Amino acid sequence: MPTPFRYLVTLALCLVPAVATGQGAPPSVPPRVAWWPRVPVEGSLVRVVVRPAAGDSVAAVSGELAGEPLHFERFADGFRALGAVPFGVRDSAAAHLVVQRGADADDTLLATLRVARRRVPRERLRVAPQYAEPPESLAERIRLEQEMVQEVRRRAHQTPRLWQAPFLRPSSGAVTSVFGVARVFNEVLRSRHWGVDFAARWGAPVRAANRGVVALVADLYYSGTTVLIDHGAGLVTGYFHLSRVLVAPGDTVDVGQAIGHAGSTGRVTKPHLHWFAAYGEITVDPLDLVRPNGPARFTPGLPPPP
């Protein structure tokens, strides 16, 4: 980011105005920056809002949070973007924002967001031995599959925001396992649960959580028959362990559209739907997408880019 910067912002709760430093800063009152939720837990989505002072002719805002780009859009009295804080971050996450004023020099804001620890239980599961500890012969397959998924996540930053309606749960079943749970497979702690599980009988409908483009349909070692949807503006959702898929890569799907059926493919103990969400390379709790007035809800009537 360009240095020196004119404003330094430290955000301990929700809203603290930036403090002007240096000489020749054009506005008398710097932009105000807010975060919601006020103190997110690790692995959460956040909404970042920049509100310029009255009469401040800000043309655009850009930046990054925790190393991932932020895609700001103009709304009624400022600029808004969706971001995320990683699981495992300790105490705080840093954001760098650039306020662009056309021909005038850009202003850089440095912000620090307090992050709370996510407290989750531990689950004990028993699976076939090859899923608890895959043989060395499968290492290359697993590596290539992980790279394929990572590429979808990176490309989501190149897609404009495609959703406008609120997100919906992809399954009507009850939540049986939450995000971040430490998982013990066959008596050995091997991973965390990077998603949310819904109870579902074999063949139960699975629906797209919101509008987006199908970025990947594949049979993956751990997640079985998998669909990834690129919603744009850095956001991807995934639907794992399916028994059948109703869409193909490149399809544009709408909110609530049936995209497949629940199953028990991949590393599972019984039929269910595993729902996954990521902001770029940061894996987040997908239930953040469907919380009332949550970070992913944008101003009603604000059209997504074409």
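Described below are features of the structure shown in this document. The shown structure was predicted, so the numbers you read here are calculated from the model rather than taken from an experiment.

What counts as what
Residues numbered from 1 in each chain as written. Predicted model: local features only at pLDDT ≥ 70, side-chain atom pairs only at ≥ 80, totals over all residues. Heavy atoms only, no water. Phe/Tyr/Trp six-rings, centres within 6.5 Å; stacked < 30°, edge-to-face > 60°. Helix = DSSP H or I, 4+ residues; strand = E, 2+ residues; numbered from the N terminus. Buried < 20%, exposed > 50% of the residue type's maximum accessible area, 1.4 Å probe, protein only. Lys NZ or Arg CZ within 6 Å of the ring centre and 35° of its normal. Expected span 1.5 Å × (residues − 1). Contact = heavy atoms within 4.5 Å. Polar contact = N/O pair within 3.5 Å; in protein donor to acceptor, adjacent residues only side chain to side chain. Lys, Arg positive; Asp, Glu negative; His and termini not counted. Salt bridge = Lys/Arg side-chain N within 4 Å of Asp/Glu carboxyl O.

What follows deals with the packing of aromatic side chains. Within the structure shown, the criterion is met by seven aromatic pairs. With a centroid separation of 5.2 Å and an interplanar angle of 80 degrees, the aromatic rings of Phe 87 and Trp 194 are classed as edge-to-face. Here the residue Phe 87 occupies a position in the loop between β9 (78–85) and β10 (92–100), and Trp 194 occupies one in the loop between β15 (188–192) and β16 (196–199), the gap between them amounting to 107 residues. Relative accessible area serves as the criterion here: at 21%, Phe 87 is assigned to the partly exposed category. The exposure class of Trp 194 is partly exposed, given its relative accessible area of 35%. Relative to Tyr 222, the ring of Tyr 221 lies with its centre 5.2 Å away and its plane at 75 degrees, an arrangement referred to as edge-to-face. Relative accessible area serves as the criterion here: at 29%, Tyr 222 is assigned to the partly exposed category. Here the aromatic residues Phe 87, Phe 179 and Trp 194 are joined through ring pairs into a cluster of three or more. Its guanidinium or amino end placed over the ring of Phe 75, Arg 80 lies 4.2 Å from that ring's centre, counting from NZ or CZ. Between Arg 161 and the ring centre of Trp 163, over which it is positioned, the NZ or CZ distance is 5.6 Å.

In this section: unusual backbone geometry. The general pattern is negative phi for most residues beyond glycine and trans for most peptide bonds. Pro 37 follows Trp 36 through a cis peptide bond whose omega is 0 degrees. With respect to the helices, strands and loops of the structure, Pro 37 is situated in the loop between β4 (32–36) and β5 (44–51). Phi is positive for Ala 66, which is not a glycine, with a value near 55 degrees. By the secondary structure assignment, Ala 66 is in the loop between β6 (60–65) and β7 (68–70). Notably, His 241 is not glycine yet its phi reads approximately 70 degrees, a positive angle. Tracing the sequence through the fold places His 241 in strand β20 (residues 235–245). What makes His 241 buried here is its relative accessible area of 5%.

Look at helix α2 (residues 139–155): 25 Å from first C-alpha to last across 17 residues, which is about the 24 Å you get at 1.5 Å a residue. Elements that come into contact with the buried residues of α2 comprise β18 (212–220), β19 (224–232), β20, β23 (272–279) and β24 (282–284).

It is worth spelling out the side chain of Ser 171 at this point. For Ser 171, the position within the fold is in the loop between α2 and β13 (175–177). Exposure remark for Ser 171: the relative accessible area of 11% places this residue in the buried category. Separated by 3.1 Å, the side chain of Ser 171 and the backbone nitrogen of Gly 173 make a polar contact. Residues contacting Ser 171, with those up to four places away along its chain left out, are Phe 198, Ala 199 and Leu 273.

Quick look at the environment of Val 50 now. Mapped onto the elements of the fold, Val 50 is located in strand β5. Given the relative accessible area of 1%, Val 50 is considered buried. For the pair formed by Val 50 and Gly 78, sequence separation is 28 residues and the distance between their alpha carbons is 5.7 Å. Leaving out residues up to four positions away in the same chain, Val 50 has contacts with Pro 31, Arg 32, Val 33, Val 61, Phe 72, Gly 78, Phe 79 and Leu 97.

Relative to the helices and strands, Arg 153 is located in helix α2. One buried charged residue, Arg 153, forms no salt bridge at all, with the nearest opposite charge on Glu 281 at 6.7 Å.

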